[in-house]
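Fold and geometry: a report
Here's the letter readout for the chains.
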Amino acid sequence: MNETLKTILGRRSIRSYKPEQITDEELNVILKAGEYAPSAMNQQSSHFTVIQNKDVMKEFIELAKDITKQDENPFYDAPTVVLVFAKKGNIAPICDASLAIGNMLIAATSLNIGSCWIHCVNAIFNTEKGKKFQKRLGVGEEYGIVGSCVLGHAAAKASKAAPRKADYVNIIK
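The paragraphs below set out a description of the structure included in this document. (Residues numbered from 1 in each chain as written. Predicted model: local features only at pLDDT ≥ 70, side-chain atom pairs only at ≥ 80, totals over all residues. Heavy atoms only, no water.)

**Let's talk about helix α2 (residues 24-35)**
The periodicity of an α-helix, 3.6 residues per turn, causes residues three or four positions apart to be oriented the same way. End to end, α2 covers 16 Å across 12 residues, agreeing with the expected 16 Å (1.5 Å per residue, within 8%). Restricting attention to buried positions, one finds in α2 the residues E26, L27, I30, L31, A33 and G34. For α2, the angular spread of the buried residues around the axis is 155°, confining them to a single face. Opposite the buried face of α2, by more than 90 degrees, sit the exposed residues D24 and E25. (Helix = DSSP H or I, 4+ residues; strand = E, 2+ residues; numbered from the N terminus. Expected span 1.5 Å × (residues − 1). Buried < 20%, exposed > 50% of the residue type's maximum accessible area, 1.4 Å probe, protein only. Arc of directions from axis to C-beta.)

Have a look at this one:
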C-alpha cells in the first residue's frame, strides 16, 4: 500500500492536545493542502482564517461555550483552529470547503500533527454574536462558515479505527 493510502487509512480524530504550537512551516503545508483541494469549476470558494493568538482563542472559546451551552472547550485545547468559510453563491461552496478541510486533516496526519473536524462553528457563526466575531476576524458577509479543524501535537495516542459498517458500498456492474 502506498504512503498516501496509509495516511488516509491511518488518520484519526484527536481530542487531546499538548499546549505547544505547531510550527509555521507545518501550518503552511497544511493550509497549502487545503488550497489545492478540488473545487467546482475551480472557483476556489474556500477562505481559511487561522486562530493561534491566545487572547483571540480565549475569546472564541468563551463565545463557543456561550452559544453551544457547553462547559468544556469544544476545540479540545488545540493551539490552532482553522476556520473554513466558503463564498456564498458559488456553484458548490459547501462541497469545496469540505474537501479543503479533508485535505488539511490528511496533510496534518502526514506531518504527525493531530487534527479533528469541529462542526460546532456552524452554530456559532449563524448567530448575531458569531457574525460580529466573523466581521472582527476580517471575513466578509459574502462568506459562510462550513466547518473548522483544530491542529496540534496529540497529548495521547490515537485510538484504533472503528469497524466500517457492512453496507458502506454498493457496486453495480
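Next comes the rest of the description.
**With respect to the pairing of strand β3 (residues 114-118)**
Most of β3 is tucked away: four of the five residues are buried. Pairing geometry for β3 and strand β4 (residues 143-152), over five bridges, is antiparallel. What sits directly across from S115, in β4, is L151. (Pairing = 2+ DSSP bridges.)

**Remarks on the packing of aromatic side chains**
If you walk through the whole model with that rule in mind, you get five aromatic pairs. Ring centres of F60 and F133 lie 5.1 Å apart, and the angle between their planes is 5°; this geometry places the pair in the stacked category. A residue pair is termed long-range when its members are at least 10 positions apart, and F60 in helix α3 (residues 54-68) and F133 in helix α6 (residues 128-136) qualify at 73 residues. By relative accessible area, which is 0% here, F60 ends up buried. (Phe/Tyr/Trp six-rings, centres within 6.5 Å; stacked < 30°, edge-to-face > 60°.)

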